[in-house]
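Chain residues, written in single-letter form:
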Amino acid sequence: MTSPSGQSSTVKSSNTRSDKPLIVISMLSILLIAIAISTMPDVTNQWASTIFNGITSYLGAIIQAIVLAGFVFIVYIAISKYGNIRLGDQEPEYKTLPWIFMFICAGMGASALYWGIIEWSYYYQGPGLSLEPNSTKAMEMSVPFSFFHWGVGAWGTYAVASVIMAYHFHVRKNKGLALSSIISAIFKVRTDGAVGRIVDLIFLNASVGALTLSLVISVATLTNGLSFLIGTPNNFTVQAIVTIGAATIFALSAYIGIGKGMQLLSSIVGYGSLILAFVVLVLGPTQFIVNNITSSIGLTLQNYFQMSLYTEPFGTGDFTRSWTVFYWLWWISYTPGMAMFVTRVSAGRKIKELIWALIIGSTSGCWFYFGVLESYSIHEFISGGVNTVEIVNSLGGDAAIAQLLDKLPLGTLLLAVFLFLMVIMLASHMDAVAYAMAATATRNLGEGEDPSRAMNLFWCVILTLIPLAILYTDAPLSTVKTSAVMTGIPFLAILLITFVGFLKWLFNDYGHVPAHTIDTYVLKVEAHDEEQNFAVGSRVDARAEAEHAKALEKAREEARKEEVKDDKTPII
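Because the structure is predicted, anything quoted here is derived from the model rather than measured.

### What to know about the overall build of the chain
Line of reasoning, step 1. Along the chain, the regular secondary structure elements total 21 helices and two strands.
Line of reasoning, step 2. Evaluated residue by residue, the chain yields a buried proportion of 59% over its 572 residues.
Line of reasoning, step 3. Long-range contacts, defined as pairs at least 24 residues apart, comprise 83% of the intrachain contacts of the chain with a sequence gap of at least 6.
Line of reasoning, step 4. With an accessible surface of roughly 22,300 Å², the chain has 65% of that area assigned to carbon and sulfur atoms.

Shown next, in the form of C-alpha cells:
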C-alpha cells in the first residue's frame, strides 16, 4: 500500500494468496520458449515470419478500424457525464506530472528513446499512403507518421483498457487486478478455474513477449553507445551485463515499491527526456526544428483518418502491415499490464482525468521528444552532417544515434545522458510490467493492497529470460516483432469482451444518474466476490445475486429522490 507521501508498504490481507499453479505453469512455458529460441533459431525465425505476415495480412483492416473506434469511444466517455465518475473515494496519491511520467514509462518503454531519433528514416525509405520512396513528400510525412504511431491512437487504446480495469476495481470494488478478475466479475466464472487460468497464463507469457522488443532494442543501443563512448566490446557478454544491470535497478525499485521506486525512476526519465530534447532544440538547428514540428502536427491532424484506415489496396500493403498494424498490436499486447498499473496509481482521479492524462499528457510528451530529435536528425541528413539513412541501413539505428548525438556541442555528455536515461527508463518499464505480472499471480488483491516484494522480485528475474535468449542468438527484428503480434490478438479479443461488460456496468450503474450529481453520487452495489458468489465450481449464489439487484434498485431510488430534490431547489 502506498500513502500520499509516498511511503510504501506491501501489506497483504488474510484473503490474498499466491497462485502457485499459475506461477509454475507460466514459468515452465517461458523457459520452454527461451530454450526453443536459443537452440532452434532458424526454425523459430521462419515460424515468426510466417505468423507475422499471416496475422497482419488477414486481420490488419479490422485491427485498424477497432483502434480508431476505440479512440472515438474513449473521447466520448471523457466529454460525457460518465467522465465525472470518480475512481474511489480517496485523494489522488500522486501529483499530475509525475503521474503522467509513470504512464509514459510504463506504456512506452526505453525503445521510445531509440525510435524517437531514427524512425523517420524508415518512413522516408518506405513511406505509407503510397508515397514515392526517398522523395520530398516522403520526407515531409516521416515525422507525422511517428506522431501517428506514438500518439493518440496508442494512448487511446491504453485509455480504453485502463478505464475498464479502473472501473472494475475502484468503482465496482471488485477484488483482484488480474485480467481474469474482470472476466470473473462479468461472466461469474472462477479466476482459478479453467477460463481464468488460461486468461492469466496468456497474459503472463504475453507480458514477456511484449517487453522483449523494447528490451532487445534498448540493450543493443546501450551496448553500442558504450562502445562508442568508452570502447567496450559490442558483444553478448556486454549485452548480458547491461541487461542484468537494468534488471538490478528495477529489482531495487520493485523492492522499494511504487510509491518511491517507480515514481522516482519515472520522474528522472520524464524530466530528463524533456530537458535533453530542450537542449537539442537550443543547441541544434532551432528554427528548422520548430518549423518541422509545427508542420508535422498539422499534417498529422490533416491526414489522421486516412492514416488510420489506409490499407493500400492497390499496392503491397507492406507499410501498413509492418508499421501501423504492428504498432497497434504491440500497444494492444501491453494493454492488460498497462491497465493494471494505471489502475493502481490512479485512485481518487476522475475517469476524464485519467483519459486526458493518457491521451493529451502522454501524447504531448512523446510528440515533443520525437519532434525535436527526429527533426534534428533530418536536418543533419539533408545538410550532409550525418548520413542517417546510410548508417541505419549499414550499421543499425543504434550506431546512427551515437553519431547524431556526438555531432552536437557537448555531444559526448549528451550521449552519456541519453544512455543513462535509457537504462533508467528500461528499469522503470520493467518495474511496471513486473508489478502487473505479480498482481496477476496474487489472488484477491483489494484497494490499497500490493503484491509481495518477493513476488515482484521473482518476476523481475523471469522477465529477462527470453530477451537474453534472443540477444544470444542474435535473432532478427522480425522474430522479436512477432512476439508482440502473436500476443496482441488474444488480448484484442479479451478487450472486446470486457468492453461489452463495462458498457453494461456503466449504463446500469450510472445511466439514470443526472449529469450534475454524478460527481458526488455514491454507487451502492455489492462488489463481486467469487468466494461468496460461488458455492461449487462456477454455480452462482442466488442470494448474492438477489442482494446485488436489491442494492442496485435502492441506489436508483435514492438517485431519483435526489433529482427531485434538486429540481425543487430555487435558483438564486
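### Here we look at the pattern of salt bridges
Line of reasoning, step 1. Per the counting criterion, the structure on display carries five salt bridges.
Line of reasoning, step 2. Glu93 serves as the salt-bridge partner of Arg344, at 3.6 Å between the closest nitrogen and oxygen. On the criterion of sequence distance, the pair formed by Arg344 in helix H12 (residues 318-345) and Glu93 in the loop between helix H2 (41-79) and helix H3 (96-108) is long-range, its members being 251 residues apart. Here Arg344 matches Glu93 in class, with each residue buried.
Line of reasoning, step 3. Its salt-bridge partner being Asp318, residue Arg321 comes within 2.6 Å of it at the nearest N-O pair. A residue pair is termed a helical-turn pair when its members lie 3 or 4 positions apart in one helix, as Arg321 and Asp318 do in helix H12 at three residues.

### Here we look at the nonpolar core
Line of reasoning, step 1. Tyr167, Tyr327, Phe418, Trp459 and Tyr510 are the most contacted members of the largest nonpolar core, which has 179 residues in total.
Line of reasoning, step 2. Here this core takes 19 residues from helix H16 (residues 411-440), the largest share from any one element.

### Examining unusual backbone geometry
Line of reasoning, step 1. The phi torsion at Leu129 lies on the positive side, around 60°, for a residue other than glycine.
Line of reasoning, step 2. One can find Leu129 in the loop between helix H4 (111-125) and helix H5 (136-149).
Line of reasoning, step 3. Notably, Glu312 is not glycine yet its phi reads approximately 55°, a positive angle.
Line of reasoning, step 4. Structurally, the position occupied by Glu312 is in the loop between helix H11 (286-309) and H12.

### Considering the environment of Leu211
Line of reasoning, step 1. Relative to the helices and strands, Leu211 is located in helix H8 (residues 194-230).
Line of reasoning, step 2. Given the relative accessible area of 0%, Leu211 is considered buried.
Line of reasoning, step 3. For the pair Leu211 and Ser111, spaced 100 residues apart in sequence, the C-alpha to C-alpha distance is 10.0 Å.
Line of reasoning, step 4. Not counting residues within four places of it along the chain, the set of residues in contact with Leu211 comprises Tyr334, His429, Met430, Val433 and Leu463.

### Thoughts on a nonpolar patch on the surface
Line of reasoning, step 1. Taken together, Phe278, Val282, Leu283, Leu410, Leu413 and Val417 make up a surface patch of nonpolar side chains, about 550 Å² in accessible area.
Line of reasoning, step 2. For the nonpolar patch, the secondary structure elements donating two or more residues are helix H10 (258-283) and H16.
Line of reasoning, step 3. No other element matches H10, which puts three residues into the nonpolar patch.
Line of reasoning, step 4. Tracing the sequence through the fold places Val417 in helix H16.

### Observations concerning the side chain of Thr343
Line of reasoning, step 1. Within the fold, Thr343 resides in helix H12.
Line of reasoning, step 2. Discounting chain neighbours no more than four positions away, the residues touching Thr343 are Ser162, Met165, Ala166, Phe169, His170 and Leu177.

### Overview of helix H18 (residues 465-473)
Line of reasoning, step 1. Where burial is concerned, most of H18 is hidden: seven out of the nine residues are buried.
Line of reasoning, step 2. Residues Ile466, Pro467, Leu468, Ala469, Ile470, Leu471 and Thr473 constitute the buried set of H18.
Line of reasoning, step 3. Where H18 terminates, the next one or two residues include Asp474, which has phi positive at roughly 55°.

### Focus on the confidence of the model for the chain
Line of reasoning, step 1. Across the chain, the average pLDDT comes to 82, with 85% of residues at 70 or higher.
Line of reasoning, step 2. When the criterion is pLDDT under 50, residues 530-545 qualifies, and its contacts beyond four places in sequence or with other chains add up to 23 contacts.

### What to know about the environment of Phe145
Line of reasoning, step 1. Summarising the element assignment, Phe145 is placed in helix H5.
Line of reasoning, step 2. The class for Phe145 is buried, based on a relative accessible area of 2%.

### Some details on the packing of aromatic side chains
Line of reasoning, step 1. Enumeration according to the criterion identifies 40 aromatic pairs in this entry.
Line of reasoning, step 2. Judged by centre distance (5.6 Å) and plane angle (50°), the rings of Tyr122 and Trp323 are tilted. Of this pair, Tyr122 sits in helix H4 while Trp323 sits in helix H12, and the two are 201 residues apart along the sequence.
Line of reasoning, step 3. A residue is classified by how much of its surface remains accessible, and Trp323, at 12% relative accessible area, is buried.
Line of reasoning, step 4. Judged by centre distance (5.6 Å) and plane angle (65°), the ring pair of Tyr123 and Phe319 falls under edge-to-face. Of this pair, Tyr123 sits in helix H4 while Phe319 sits in helix H12, and the two are 196 residues apart along the sequence. Across this residue pair, the class does not change: Tyr123 and Phe319 are buried.
Line of reasoning, step 5. The lysine or arginine in question, Arg349, covers the ring of Trp99, its NZ or CZ lying 4.0 Å from the ring centre.

### Considerations on the side chain of Thr300
Line of reasoning, step 1. Looking at where Thr300 falls in the secondary structure, it is placed in helix H11.
Line of reasoning, step 2. For Thr300, a relative accessible area of 2% puts it in the buried group.
Line of reasoning, step 3. Ignoring any residue separated from it by four or fewer positions in sequence, one finds Thr300 in contact with Pro144, Phe147, Phe148, Met307 and Trp367.

### A look at the environment of Thr440
Line of reasoning, step 1. Here Thr440 is to be found in helix H16.
Line of reasoning, step 2. A relative accessible area of 0% places Thr440 in the buried class.
Line of reasoning, step 3. C-alpha separation for the pair Thr440 and Gly337, spaced 103 residues apart in sequence, amounts to 9.1 Å.
Line of reasoning, step 4. Apart from the residues lying within four places of it in its own chain, the contact partners of Thr440 are Leu22, Ala178, Asp200, Phe203, Leu204 and Met340.

Definitions and cut-offs
- Throughout this description, residue numbers start from 1 for each chain and increase along the sequence as written.
- With the structure being a predicted model, the display of local features is reserved for residues of pLDDT at least 70 and the display and counting of side-chain atom pairs for 80 or more, all residues being used for whole-chain, interface and lining totals.
- Just so you know, side-chain values use all the structure's heavy atoms and leave hydrogens and water out.
- Think of it this way: any DSSP run of H or I at least four residues long counts as a helix, any run of E at least two long counts as a strand, and we number them from the N terminus.
- Three exposure classes are used, based on accessible area relative to the maximum for each residue type with a 1.4 Å probe and protein chains only: buried under 20%, partly exposed in between, and exposed over 50%.
- Every residue pair with non-hydrogen atoms within 4.5 Å of one another is taken to be in contact.
- All accessible areas in this document rest on Shrake-Rupley with a 1.4 Å probe, and a residue is counted as covered only by the protein chains that are shown.
- Put simply, a salt bridge is a Lys or Arg side-chain nitrogen that is within 4 Å of an Asp or Glu carboxyl oxygen.
- For the purposes of this section, nonpolar cores are sets of buried Ala, Val, Leu, Ile, Met, Phe, Trp, Tyr and Cys residues that join through side-chain atoms within 4.5 Å.
- Surface patches are drawn from residues lacking salt bridges whose relative accessible area is over 30%; two like charges belong together within 9 Å, two nonpolar side chains (Val, Leu, Ile, Met, Phe, Trp, Tyr) within 5 Å.
- The quantity called pLDDT is the predictor's confidence in a given residue, expressed from 0 to 100.
- Think of it this way: a Phe, Tyr or Trp ring, Trp meaning its six-membered ring, pairs with another when their centres are within 6.5 Å, and the plane angle makes it stacked under 30 degrees, edge-to-face over 60, tilted otherwise.
- In this scheme, the term charge over a ring applies when either NZ of a lysine or CZ of an arginine sits within 6 Å of the ring centre and within 35 degrees of the ring normal.

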